[in-house]
Amino acid sequence: MSTRFSTKQAFLFTVINYLGVLIGVISTLFVYPEDKDLLGVFRFVDGLAQILYPIMVLGASTALLNFQPKLEPFLQRKLFSYSMISIIWMTIVCAIGLGLVYYFDWYSNKQYYIYAFFIAICLAYVDLFKRQATNLQKLAFPTFFEKIIPKLALPFVFILVLYFAKTEQQGLQFYTLSFVLILLAVGTYVFKHFKPVYTLQYNDLFQKLSKKQYYQYSLYAFCASLGSFFAFRIDSVMIPHFISNEANGDFNIGVNLANALMIPAAGVFTLYSPVISEALKKNELSILKEKYVEVAKNLFFIGILMYGCVLLGIKDFFELLPTGSKLMPALPVIYLLGANVILNISTGFNTEIIAYSKHYRFNLIAILLLAVLNIGLNYFILTQTSLGIVGVAYASLFSMAVFNCSKLWYIYNKFKIVPFNNIYAKVVGSALIILTILHFFPLNDFWIFGFVIKCFLFVSVFGGIVYFKEWVPQLNVFVKNILSKITKS
């Protein structure tokens, strides 16, 4: 099996993502609460862009990752070029559709549509370029621009609006320009390492690659991508319409903080994609099973360390902040969406296994199931109950549980593998027992910083048990490497 997975790229990818999360967390704690209505507006623009850009891409980026390795170098370049041209045509389709929605006034906040449209164009091409960078195993640089620039641009816009008398419209213009910068930087980088073929003739490409198969896969990927938005991001569009932009700001504060738990998984899932694809094509199921269990257990271990600290200390931490009273409404959302993230990463790369197998169409079924559940539950909660954004978070957690169970069942049915074993169960059980004990431990009654001791005890005790029992071998390797460097110095 190929060793295309790059440890260096995984490390850089993770570092960049954590840097982006750090910037996002600082902004969420100290900047965004100062104007949650404005935050709701920007999240609406982002949400609408997230609807539009999968339509513009129409699955071309995922198809590129799937079909390009099967082609000779020249045809690989032509496939990349064809993908770029197809985005242009779909952008025209999106412009017509968005124009109709604007003209007939079918939805609120229409004054923000134009910004979402141009951001979507940038996202469409950045997504394609990132897929090409993934094939080249050069993902760090595009990731830096994609993850860092928006995280810097948005708080900067807030500062301009709050303290330098800039208007909301000027802020939106600056924010949109930041995505243009990302597109130019990532495009220049990819073109430097991979030259497209500038042509409109693609007969030789589709003699080698079945056009029917290409479009079938592209349409599947498009439906899955668009379904993913309705499953995971529809809240940012529904909440402003049914409640308010301010409520959307509260919800997105919770989203921003909970999503920090997802970072360990993001790099692993992205960089393991070529490895999973190759293992399935060669029918190397023993290797696939080994990696499946290993990755799921590792990600749960890292995720529960962070989520445990959130459960034990974030409320007390908020009370110490100058923006604490404005952050408190997001607290239940953080708890629920944090559990949502742990549930998602703890089942490993089940989506990727299905996506790169001959059974890839099931992902579409699972995504559509999740989308229908999420939209239906959100609509019911927002129109028929007074639960508000907390109800939306409950709906997300329930939908995610159904989503992951359906994928686990399908993978076991087709491949007879699961991402769990006895050691994994011991890791989960130990984490839950230690969290329960520390939750009821009355340190906070005696000291304002008692939550720090609780978090330290959880990380130390749980991490120590896992280390000495060698339940997560990668932890032992990591610790030994650190100790070796310390002793040498």
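My aim in this report is to walk through the structure given alongside it, one point at a time. (Residues numbered from 1 in each chain as written. Predicted model: local features only at pLDDT ≥ 70, side-chain atom pairs only at ≥ 80, totals over all residues. Heavy atoms only, no water.)

### A look at the overall build of the protein
Under the convention used in this document: In this text, helices come from DSSP runs of H or I with a minimum length of four residues, and strands from runs of E with a minimum of two, each type numbered from the N-terminal end. The globule rule is 2.2 Å times the number of residues to the power 0.38, and the radius of gyration it is compared with is taken over C-alpha atoms. Accessible area is worked out with a 1.4 Å probe on protein chains only. A residue is then buried under 20% of its type maximum, exposed over 50%, and partly exposed in between. Throughout, a contact is declared for two residues whenever any of their heavy atoms are within 4.5 Å. Computed with a 1.4 Å probe, the accessible areas rest on the Shrake-Rupley method; for each residue, only the protein chains presented here act as cover. Positive charges come from Lys and Arg alone, negative charges from Asp and Glu alone, with His and the N- and C-terminal ends not counted. For the purpose of locating charges, the reference atoms are NZ of Lys, CZ of Arg, CG of Asp and CD of Glu.
Scanning the protein from N- to C-terminus turns up 21 helices and 0 strands. For the protein, whose C-alpha radius of gyration is 23 Å, the value lies close to the compact-globule estimate of 23 Å for 489 residues. Over its C-alpha atoms, taken along the principal directions, the protein stretches across nearly 75 × 55 × 50 Å. Taken over 489 residues, the protein has a buried fraction of 55%. Considering only contacts within the protein whose residues lie at least 6 apart along the sequence, 84% involve residues at least 24 apart. Element-wise, carbon and sulfur atoms account for 67% of the exposed surface of the protein, whose accessible area totals about 22300 Å². Treating the 38 positive side-chain charges of the protein as one cloud and the 22 negative ones as another, the clouds have centres 12 Å apart.

### What to know about the environment of Gly 391
Position of Gly 391 relative to the elements: it lies in helix 18 (residues 388–415). When the C-alpha positions of Gly 391 and Ser 346 are compared, they lie 23 Å apart, and in sequence the two are 45 residues distant.

### Points about helix 18
We apply this condition: Each helix should span, by expectation, one fewer than its residue count multiplied by 1.5 Å.
The end-to-end C-alpha distance of helix 18, which contains 28 residues, comes to 41 Å, matching closely the 40 Å that a straight helix rising 1.5 Å per residue would cover. Positive phi appears at Lys 416, one or two residues downstream of helix 18, with a value of about 60 degrees.

### A word on the packing of helix 2 (residues 36–57) against helix 11 (residues 245–258)
What counts here: Here an axis means a line fitted to C-alpha atoms, over the contact stretch when the element is a helix, while the angle between two N-to-C directions is reported on a 0 to 180 degree scale. Here the angle decides the label: under 35 degrees means roughly parallel, over 145 means roughly antiparallel, 65 to 115 means roughly perpendicular, and every other value means oblique.
Axis separation between helix 2 and helix 11 bottoms out at 7 Å; the angle between their running directions is 75 degrees. Considered as vectors, helix 2 and helix 11 are oriented roughly perpendicular to each other. Two secondary-structure elements touch here, helix 2 through Lys 36, Asp 37, Leu 39, Gly 40, Val 41, Arg 43 and Phe 44 and helix 11 through Asn 245, Glu 246, Asn 248, Gly 249, Asp 250, Asn 252, Ile 253 and Asn 256.

### Side note on the packing of helix 10 (residues 235–242) against helix 17 (residues 361–384)
Put simply, the test is: What makes a crossing left-handed is the near helix being turned counterclockwise from the far one by less than a right angle; a clockwise turn instead makes it right-handed. Gly is placed with the polar residues, together with every amino acid not listed as nonpolar (Ala, Val, Leu, Ile, Met, Phe, Trp, Tyr, Cys and Pro) or charged (Asp, Glu, Lys and Arg).
Packing of helix 10 against helix 17 brings their axes to within 11 Å, and their N-to-C directions diverge by 20 degrees. By the angle between their axes, helix 10 is roughly parallel relative to helix 17. The handedness of the crossing between helix 10 and helix 17 is right-handed. Across the interface between the two elements, Asp 235, Met 238 and Phe 242 of helix 10 pack against Asn 374, Ile 375, Asn 378, Tyr 379, Leu 382 and Thr 383 of helix 17. Taken together, the residues of the contact of helix 10 with helix 17 break down into 5 nonpolar, 3 polar and 1 charged.

### Looking at the environment of Phe 251
Looking at the secondary structure, you find Phe 251 in helix 11. Separated by 174 residues in the primary sequence, Phe 251 and Arg 77 place their C-alpha atoms 42 Å from one another. Contacts of Phe 251, omitting those with residues within four sequence positions, involve Asp 235, Ile 239, Val 333, Leu 337, Ile 389, Val 392 and Ala 393.

### A short note on the nonpolar core
To keep things clear, this is the line we draw: To form a nonpolar core, buried Ala, Val, Leu, Ile, Met, Phe, Trp, Tyr and Cys residues must be joined to one another through side-chain atoms within 4.5 Å.
Counting residues in each nonpolar core, the largest one holds 155 residues, and the members touching the most others are Met 56, Tyr 214, Phe 251, Phe 318, Ile 353 and Phe 462. Per element, the largest residue contribution to this core is 15 residues, and it comes from helix 5 (residues 113–135). For Ile 353, the residues in contact, after removing those within four places along its chain, are Ile 276, Leu 280, Leu 288, Tyr 292, Ile 411, Phe 415 and Ile 417.

### Some details on the pattern of salt bridges
Test applied: One side-chain nitrogen of Lys or Arg within 4 Å of one carboxyl oxygen of Asp or Glu is enough to make a salt bridge.
Counted by the stated rule, this structure contains 7 salt bridges. The closest approach of N and O atoms between Lys 326 and Glu 34, which form a salt bridge, is 3.1 Å. Here Lys 326 is found in helix 14 (residues 324–327), whereas its partner Glu 34 is found in the loop between helix 1 (7–30) and helix 2, with 292 residues between them in sequence. Residue classification places Lys 326 among the partly exposed residues on the basis of a relative accessible area of 32%.

### Focus on the side chain of Glu 294
By secondary structure assignment, the location of Glu 294 is in helix 13 (residues 285–320). Lacking a salt bridge, the buried Glu 294 has Lys 291 as its closest oppositely charged neighbour, with an N-O distance of 4.1 Å. Beyond its immediate sequence surroundings of up to four residues, Glu 294 is in contact with Tyr 272 and Gln 474.

### Quick notes on a nonpolar patch on the surface
Keep this limit in mind: Like-charged residues are merged into a patch within 9 Å and nonpolar side chains (Val, Leu, Ile, Met, Phe, Trp, Tyr) within 5 Å, provided each residue has over 30% relative accessible area and no salt bridge.
On the surface, Ile 88, Trp 89, Ile 92, Ile 96, Leu 100, Tyr 103 and Phe 104 cluster together into a nonpolar patch covering about 810 Å² of accessible area. Summarising the element assignment, Trp 89 is placed in helix 4 (residues 73–104).

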